[in-house]
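Descriptive structure summary
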Amino acid sequence: MRLLFRIIPVLLGLALAACSGIRVNTHYDPSAIERIESFRRYAWLPQPQGKDPRVYNDIVDVRVRMAVDQELKSRGYQRVDMSEDPDFLVGWQGAIDTKISVDTVDSFYGYPWGPYWSPWSSFYGPYGYPYGMGGPRTYVREYDVGTLILDGVDAREQRLVWRGTAQAELDQDLSSDALQKKINDAVHKMLSRFPPSPEAS
């Protein structure tokens with residue numbers, strides 16, 4: 001029984017991790033669709049400034065720019081300097097928020113079990129554990145969620161015309177390579193919706 005109670009939090013964590021993929025949403029100005037479709041050349045807005053040093057630092061800025069540059073280049077866009085008359089400007093923002101998850105799990109799926117149904121009966125004899133043993137347990141988990149926002153700004157009109165948002169749970173021990181992969185995946189998923197179509201959201 002003690003072994004089961006040790007295993008449940010691990011299984012619960014794995015299940016949550018499996019569901020904690022990158023969630024993406026995009027928004028755009030419907031009146032600017034034709035203009036966005038004509039975009040070919042882009043330039044970067046200045047590095048953003050923020051209070052959280054985990055997000056706003058030179059290393060993260062380089063990683064985000066590298067992911068965006070690779071994605072846009074693969075799709076035919078050309079990066080230029082701000083002085084070279086770009087069609088649109090790209091900027092990013094980010095945040096890391098701490099969340100708390102509270103989950104109540106019934107050890108035996110919410111219904112009682114008799115001795116002959118015990119999964120340990122082969123080890124503990126035909127009578128297993130007492131009938132109905134193992135009530136619900138509540139597990140509290142604290143975790144970080146990272147948010148990355150990409151903005152597309154019409155360079156001629158100086159107004160925001162497209163925004164992509166990606167969120168994902170962050171492992172506390174995330175390696176540099178794993179972080180870059182997560183950024184790459186987030187950027188790929190967001191920019192797969194750029195330029196927007198009327199059906200995209």
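Not measured: the values here are computed from a predicted model.

So, the environment of serine 192
Checked against the element boundaries, serine 192 lands in the segment after α5 (176–191). On the accessibility criterion, serine 192 (47% relative accessible area) is partly exposed. Residues serine 192 and leucine 72 lie 120 residues apart in sequence; the distance between their C-alpha atoms is 9.8 Å. Within the structure, serine 192 has its side chain in polar contact with the backbone oxygen of lysine 189 (distance 2.7 Å).

Some thoughts on the pairing of strand β2 (residues 41–44)
The pairing of β2 with strand β3 (residues 78–79) spans two bridges and is parallel. Bridge pairing links tyrosine 42 to arginine 79 in β3. Assessed by its sense of winding, the connection that carries the chain from β2 through helix α3 (residues 58–74) to β3 is right-handed.

Description of the packing of α3 against α5
Closest axis-to-axis distance for the α3/α5 pair is 9 Å, and the angle between their directions is 45 degrees. Accordingly, the angle class assigned to the pair α3 and α5 is oblique. For the crossing formed where α3 meets α5, the hand is right-handed. Contacts from Arg63, Val64, Met66, Ala67, Val68, Glu71 and Leu72 of α3 reach α5 at Ser176, Leu179, Gln180, Ile183, Asn184, Val187, His188 and Leu191. Here the residues of the contact of α3 with α5 sort into nine nonpolar, four polar and two charged.

With respect to the environment of tyrosine 56
Along the chain, tyrosine 56 turns up in the loop between β2 and α3. Distance from tyrosine 56 to alanine 95, taken between C-alpha atoms, is 8.7 Å for residues 39 residues apart in sequence. Beyond its immediate stretch of four places on either side in the chain, tyrosine 56 contacts Pro48, Gln49, Gly50, Lys51, Trp92, Gln93 and Gly94. Polar side-chain contacts of tyrosine 56 include one of 3.0 Å to the backbone oxygen of glycine 94.

Considerations on unusual backbone geometry
A cis geometry characterises the amide bond from phenylalanine 194 onward to proline 195, with omega recorded as 0 degrees. Here proline 195 is to be found in the segment after α5. Backbone geometry at aspartate 85 places phi at a positive 55 degrees, although glycine is not the residue there. Tracing the chain through its elements places aspartate 85 in the loop between β3 and β4 (88–106).

Section: the packing of aromatic side chains
For the structure shown, the criterion picks out seven aromatic pairs. An angle of 35 degrees between the planes, with centres 5.7 Å apart, marks the rings of tyrosine 42 and phenylalanine 88 as tilted. Of the two residues, tyrosine 42 sits in strand β2 while phenylalanine 88 sits in strand β4, which places them 46 residues apart along the sequence. Each member of the pair tyrosine 42 and phenylalanine 88 is classed as buried. A ring pair is formed by tryptophan 162 and phenylalanine 194, whose centres lie 5.2 Å apart and whose planes are at 75 degrees; its orientation type is edge-to-face. Of this pair, tryptophan 162 sits in strand β6 (residues 159–170) while phenylalanine 194 sits in the segment after α5; the two residues are 32 residues apart in sequence, bridging distant segments of the chain. Like phenylalanine 194, tryptophan 162 is buried. Ring pairing ties together the aromatic residues Phe39, Tyr42, Tyr77, Phe88, Trp162 and Phe194, which thus form one cluster.

Thoughts on the pattern of salt bridges
Proximity of charged atoms lets side chains of opposite charge pair with each other. One pass over the structure, following the stated rule, counts nine salt bridges. Note that lysine 181 is salt-bridged to aspartate 185, the shortest N-O span being 2.9 Å. Within this pair, lysine 181 and its partner aspartate 185 are both found in helix α5, separated by four residues, close to a single helical turn. For lysine 181, a relative accessible area of 52% corresponds to the exposed category. The class of aspartate 185 is partly exposed, set by a relative accessible area of 29%.

What counts, and where the lines are drawn
- Residues numbered from 1 in each chain as written.
- Predicted model: local features only at pLDDT ≥ 70, side-chain atom pairs only at ≥ 80, totals over all residues.
- Heavy atoms only, no water.
- Helix = DSSP H or I, 4+ residues; strand = E, 2+ residues; numbered from the N terminus.
- Buried < 20%, exposed > 50% of the residue type's maximum accessible area, 1.4 Å probe, protein only.
- Polar contact = N/O pair within 3.5 Å; in protein donor to acceptor, adjacent residues only side chain to side chain.
- Pairing = 2+ DSSP bridges.
- Right-handed = clockwise from strand over helix to strand, strands pointing away.
- Axes fitted to C-alpha atoms, helices over the stretch in contact; angles between N-to-C directions.
- Parallel < 35°, antiparallel > 145°, perpendicular 65-115°, else oblique.
- Left-handed = near helix turned anticlockwise from the far one by under 90°.
- Contact = heavy atoms within 4.5 Å.
- Nonpolar A, V, L, I, M, F, W, Y, C, P; charged D, E, K, R; others polar.
- Phe/Tyr/Trp six-rings, centres within 6.5 Å; stacked < 30°, edge-to-face > 60°.
- Salt bridge = Lys/Arg side-chain N within 4 Å of Asp/Glu carboxyl O.

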